[in-house]
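Listed below are the residues making up each chain.
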Amino acid sequence: MIRETSIMELRGLTKYYRSSPGIMDVNLEIKEGEIFGFLGPNGAGKTTTIRLIIGLIKPTKGEISVFGKSGTTNHREIIRNIGYIPGDIGLYTELSGNEYLYHLLKLRTGKSYGNYNENLVSLQSRFNIRFDKKIKTYSKGMRQIVGIIQAFMHNPRLVILDEPTSGLDPFMQEEFFDLILQEKENGKTVFLSSHILSETEKVCDRVGILKKGRLIHVEKMSRYRKMAGKNVKIETPEPPERTVEKLGGIVESRDCKIKNGRIEFYYNGDMQELIGALAQMQIRDFVCETPRIEDLFFRYYEEE
Ligand SMILES: Nc1ncnc2c1ncn2[C@@H]1O[C@H](COP(=O)(O)OP(=O)(O)OP(=O)(O)O)[C@@H](O)[C@H]1O
Ligand SMILES: [Mg+2]
């Protein structure tokens, strides 16, 4: 459930690396219990933003507050209540998965759990990995899973994940998204970056699109689903140009693309009207689908 409490706020957040911009004037508020997808292509500034939030780098300008407190002054408390996976995770490879995780858990919570912590064991049981083996024998995906587990194991209020699914096979990805949904049920707030858009669609309440360091768009997934319109594809026995003409009044011909003898367009109008017009024609094939988030992404990206 998404609460009214604000868990994180970025105000005018700007980071310049020497002269080249990392991010510029990013404003964003994340509510408690929200799953937020932070999207953008390579170099857009996702990792920069996340490193600023965690306090690994300092902003050039702007402010960050987490749990209602300024990010720079309460670093220690913030770190205890945040779980984090960096984009390029580095692990102590001479330790076993278990040794590494229990060691980190002790550092974070200040308590020793020996070899047993219920939350940790429950997280581990989701993934089929030999945690008693040394990390240096783990594959890329297995290391990423250790990273995911450590981000959640101390039961933080806020979890910040920089491309968490990189290197995970489809089964592990499925398990990961299950975990996110379960943590959402538990009231956790999750901020995750990704450039694989379809994956965020499944779990996110809102997505933000970052382009060349600027947050160009923030949208609720539910609103997007309602307002998205449809991608329509039609194939008729007649030349496609002729079909486009017949559809005049329903879609503008300039909005229609002709691909492989098919007409494709984005339709946001009255469905009854479209079906009525199609009923007057001979139709060989008809596809009408909700655009994927990729389409939304590219539409905003190209418009700006
Ligand atoms: N340490 C650094 N020194 C100089 N420039 C940097 C540094 N880190 C990032 N940048 C620049 O800042 C911009 C944003 O990079 P960032 O790593 O935040 O992107 P990203 O969205 O995480 O990309 P990716 O999807 O590839 O991980 C890029 O132009 C990058 O070249
Ligand atoms: Mg990155």
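On a predicted model such as this, the values are computed, not experimentally measured, just so you know. (Residues numbered from 1 in each chain as written. Chains lettered and ligands numbered in written order. Predicted model: local features only at pLDDT ≥ 70, side-chain atom pairs only at ≥ 80, totals over all residues.)

## Brief notes about the overall build of the chain
For the chain, the helix and strand inventory stands at 11 helices and 14 strands. Counting the 304 residues in the chain, one finds 33% classified as buried. A sequence separation of at least 24 residues applies to 71% of the contacts in the chain between residues at least 6 apart. (Helix = DSSP H or I, 4+ residues; strand = E, 2+ residues; numbered from the N terminus. Buried ≥ 20, exposed ≤ 12 C-beta atoms within 10 Å, placed from the backbone. Contact = placed C-beta atoms within 7 Å.)

## Re the sheet that holds strand β4 (residues 61-66)
Strand pairing in a sheet relies on backbone hydrogen bonds. The paired strands run either parallel or antiparallel. Across the sheet, which stays open at both edges, the 4 strands sit in the order β2-β1-β4-β5 with antiparallel pairing between neighbours. With partners counted over all chains shown, the strands left at the sheet margins are β2 (20-31) and β5 (69-70), one partner each. Both strand β1 (residues 6-17) and β2 contribute to a ladder of 8 bridges, which runs antiparallel. Looking at the pairing, L10 lines up with L28 of β2. (Pairing = 2+ DSSP bridges.)

## Examining helix α3 (residues 97-109)
Here α3 is 13 residues long and its end C-alpha atoms lie 18 Å apart, about the 18 Å a rise of 1.5 Å per residue gives. Of all the residues in α3, the buried ones are G97, Y100, L101 and Y102. On its buried side, α3 packs onto α4 (118-124) and α5 (140-152). Trailing α3 by a residue or two, G110 shows a phi angle of about 75°, which is positive. (Expected span 1.5 Å × (residues − 1).)

## Side note on the site of ligand 1
Around ligand 1, the structure places 13 residues, and the nearest of them are Y17, N42, K46, T47 and T48. By residue number, the principal contributor to the shell around ligand 1 is helix α1 (residues 46-54), which donates 3 residues. A per-class count over the shell around ligand 1 returns 2 nonpolar, 10 polar and 1 charged. (Near = placed C-beta within 6 Å. Nonpolar A, V, L, I, M, F, W, Y, C, P; charged D, E, K, R; others polar.)

## A few points about the environment of P41
As for its placement among the helices and strands, P41 is situated in the loop between β3 (35-39) and α1. Sequence separation between P41 and L181 is 140 residues; the distance between their C-alpha atoms is 25 Å.

## Comments concerning the pairing of strand β11 (residues 230-235)
Across 5 bridges, the pairing between β11 and strand β13 (residues 262-267) is antiparallel. Following the sheet pairing, N231 is matched in β13 by Y266. Examined bridge by bridge, β11 and strand β14 (residues 285-289) share 5 bridges and lie antiparallel to one another. Following the sheet pairing, V232 is matched in β14 by C288.

## As for the sheet that holds β13
The strand order β12-β13-β11-β14 describes an open sheet built from 4 strands, whose pairing is antiparallel. Taken across any chain shown, the strands that pair with only one partner, and hence form the sheet edges, are β12 (257-259) and β14. Averaged over all pairs of adjacent strands, the angle between their axes in this sheet comes to 20°, without regard to strand direction. Bridging between β12 and β13 involves 3 bridges; their strand directions are antiparallel. In the sheet register, K257 faces β13, and the bridge partner there is E264. (Axes fitted to C-alpha atoms, helices over the stretch in contact; angles between N-to-C directions.)

## Digging into the domain arrangement of the chain
Per the domain assignment, the segments of the chain are domain 1 (6-225) and domain 2 (228-303). A straight line from the C-alpha centre of domain 1 to that of domain 2 covers 39 Å. (Domains from an automatic or database assignment.)

## Some remarks on the environment of F171
With respect to the helices, strands and loops of the structure, F171 is situated in helix α6 (residues 170-185). Looking at F171, the number of C-beta atoms within 10 Å reads 11, which means it is exposed. A sequence separation of 95 residues divides F171 from R76, and the C-alpha atoms of the two residues are 35 Å apart.

## Some points on the nonpolar core
Across soluble globular proteins, nonpolar side chains show a tendency to be buried alongside one another. Ranked by internal contacts, the top residues of the largest apolar core, which has 53 residues, are I149 and I160. The greatest single-element share of this core, amounting to 7 residues, is contributed by α5. Once you skip the residues sitting within four places of it in the chain, I149 turns out to touch L101, L123 and Q124. Among the nonpolar cores identified, the runner-up in size contains 6 residues, and V232, I234, V244 and F265 belong to it. (Core = buried A, V, L, I, M, F, W, Y, C linked by C-beta atoms within 7 Å.)

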